[in-house]
Amino acid sequence: MDLDHARAVAVEAAEAAGALLLEGARGALGVRPKGGSGDVVTDLDLASEKLLVERILTAYPSHAVIAEESGLLGASGGEWTWLVDPLDGTNNVAIGLPAYVVGVALCHAGRPMVGVVHDPVTAQTWSAIRGCGAVTASGARLAAPYRPAPHGPLLAWTQGYAVARDDATVRALKGTLELAARRVLQLWAPLLSWAMLARGDIDGIVGYRAESVDLPAGALIAQEAGIEIRALDGGAFEESIDGTAEDRSFVAAHPRALPHLLDLLR
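Owing to the predicted nature of the structure, the values given are computational and were not obtained by experimental measurement. (Residues numbered from 1 in each chain as written. Predicted model: local features only at pLDDT ≥ 70, side-chain atom pairs only at ≥ 80, totals over all residues. Heavy atoms only, no water.)

Q: Got a sec to walk through the packing of helix α1 (residues 3-24) against helix α2 (residues 43-59)? Specific residues and values, please.
A: Direction vectors running N to C along α1 and α2 enclose 160°, while the axes themselves pass 9 Å from each other. Taken as axis vectors, α1 and α2 run roughly antiparallel relative to one another. For the pair α1 and α2, the crossing hand works out as right-handed. Across from Val 9, Glu 12, Ala 13, Ala 14, Ala 16, Ala 17, Leu 20, Leu 21 and Gly 24 in α1, the residues of α2 making contact are Leu 44, Ala 47, Ser 48, Leu 51, Leu 52, Arg 55 and Ala 59. Classifying every residue of the contact of α1 with α2 gives 12 nonpolar, 2 polar and 2 charged. (Axes fitted to C-alpha atoms, helices over the stretch in contact; angles between N-to-C directions. Helix = DSSP H or I, 4+ residues; strand = E, 2+ residues; numbered from the N terminus. Parallel < 35°, antiparallel > 145°, perpendicular 65-115°, else oblique. Left-handed = near helix turned anticlockwise from the far one by under 90°. Contact = heavy atoms within 4.5 Å. Nonpolar A, V, L, I, M, F, W, Y, C, P; charged D, E, K, R; others polar.)

Q: Residues and numbers for the sheet that holds strand β9 (residues 134-136), please.
A: Read from one edge to the other, the open sheet built from 7 strands follows the order β4-β3-β5-β6-β7-β8-β9, with strand pairing classed as mixed. Here the strands that pair on one side only, and so sit at the sheet edges, are β4 (71-74) and β9. The sheet shows a mean angle of 20° between the axes of neighbouring strands, taken without regard to direction. In this sheet, β9 lies alongside strand β8 (residues 124-129) in antiparallel orientation, the contact comprising 3 bridges. Residue pairing across strands places Ala 128 opposite Ala 134, the latter belonging to β9. Of the strands in this sheet, β3 (64-67), β4, β5 (80-88) and β6 (101-108) are in contact with α2, which crosses β5 at around 155°. Contacting β5, β6, β7 (111-119) and β8, helix α5 (residues 190-199) runs over the sheet at an angle of about 100° to β5. (Pairing = 2+ DSSP bridges.)

Q: Provide a residue-level description of the layout of surface pockets, including the pertinent values.
A: One number sums up the size of the largest pocket: a volume of about 680 Å³. In terms of lining residues, the largest pocket is bounded by 31 residues, among which Asn 91, Gln 159, Gly 160, Tyr 161 and Trp 188 are the most central. At the level of secondary structure, the elements contributing two or more residues to the lining of the largest pocket comprise β2 (39-41), β5, α3 (90-94), β10 (154-159) and α5. Counted by class, the lining of the largest pocket contains 10 nonpolar, 10 polar and 11 charged residues. Approximately 260 Å³ is the volume attributed to the second largest pocket. Surrounding the second largest pocket, 19 residues form its lining, Tyr 146, Arg 147, Pro 153, Asp 203 and Ala 257 being those nearest its centre. Partitioning the lining of the second largest pocket into residue classes produces 12 nonpolar, 4 polar and 3 charged. (1 Å grid on protein atoms, 1.4 Å probe; cavity = no way out; pocket = protein on both sides within 12 Å on 5 of 7 lines; lining within 4 Å. Points joined across faces, edges and corners; volume = space filled by probe spheres on them.)

Q: Before we move on, could you go through the pattern of salt bridges and cite the residues and values that matter?
A: For the structure shown, the criterion picks out 10 salt bridges. Of the charged contacts, one joins Glu 54 and Lys 50 as a salt bridge, the two residues approaching to 2.7 Å between their closest N and O atoms. Here Glu 54 and its partner Lys 50 are both found in helix α2, 4 residues apart, which amounts to about one turn of the helix. For Glu 54, a relative accessible area of 43% gives the class partly exposed. For Lys 50, a relative accessible area of 53% puts it in the exposed group. Of the charged contacts, one joins Glu 246 and Arg 209 as a salt bridge, the two residues approaching to 3.9 Å between their closest N and O atoms. Of this pair, Glu 246 sits in the loop between β13 (228-231) and β14 (250-253) while Arg 209 sits in the loop between β12 (204-208) and α6 (216-224), placing them 37 residues apart in sequence. Classification of Glu 246 by relative accessible area gives partly exposed; the value is 49%. The class for Arg 209 is partly exposed, based on a relative accessible area of 30%. (Salt bridge = Lys/Arg side-chain N within 4 Å of Asp/Glu carboxyl O. Buried < 20%, exposed > 50% of the residue type's maximum accessible area, 1.4 Å probe, protein only.)

Below, the structure written as structure tokens:
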């Protein structure tokens, strides 16, 4: 498998989808409810997903694709699976907030090997191949810096759609973070948070039962930029598309900042 070619396909597809989103966000969105948790889906989600899936399956007809809105497409049962988030930040777009990205990951046996996140608003793209580092669109290497935070870290929070509003663990975690952090951002666009962490814009991410589509692309980019990811108890964390929601609770930060965050969460 030529992972450099796979990344090129993913980058081109994500940037084309981003151009579609950027243009479409200026017009009528066609917003509809999605599920019973207050989430929404728009015509843009579906159009972007269609573009991404067609480009990926044209290049790799023997692969499977798991798309956020359409589910499993293409050939199932193989070793290679693409994960597509056509519009991460739909709720932001629905209220006119320009904070959204496109995410694409290629996984081998459930483990992400290629990750791409594209921000249409700022025209930036970040990508990574496992073991080869993370880069910007120009090819510049991403290296997450360590910056001591005397007034507390700047963190992002993400959680899965199925998490109840009165979840006791969520209340305890968020209460602890609010007291210790300088800010806790809830961006409604987890892949954007991962890119910000890889760049050094924020100091960490805490996730609770995160959605599987929100993990592989961004987590791989962050890891390849030097970020460490652990389970909330400090144990090992695998950013796989397999497993259950309970397996997708984590804390991510620079290795020198991670012990302090883990101490807080314990």
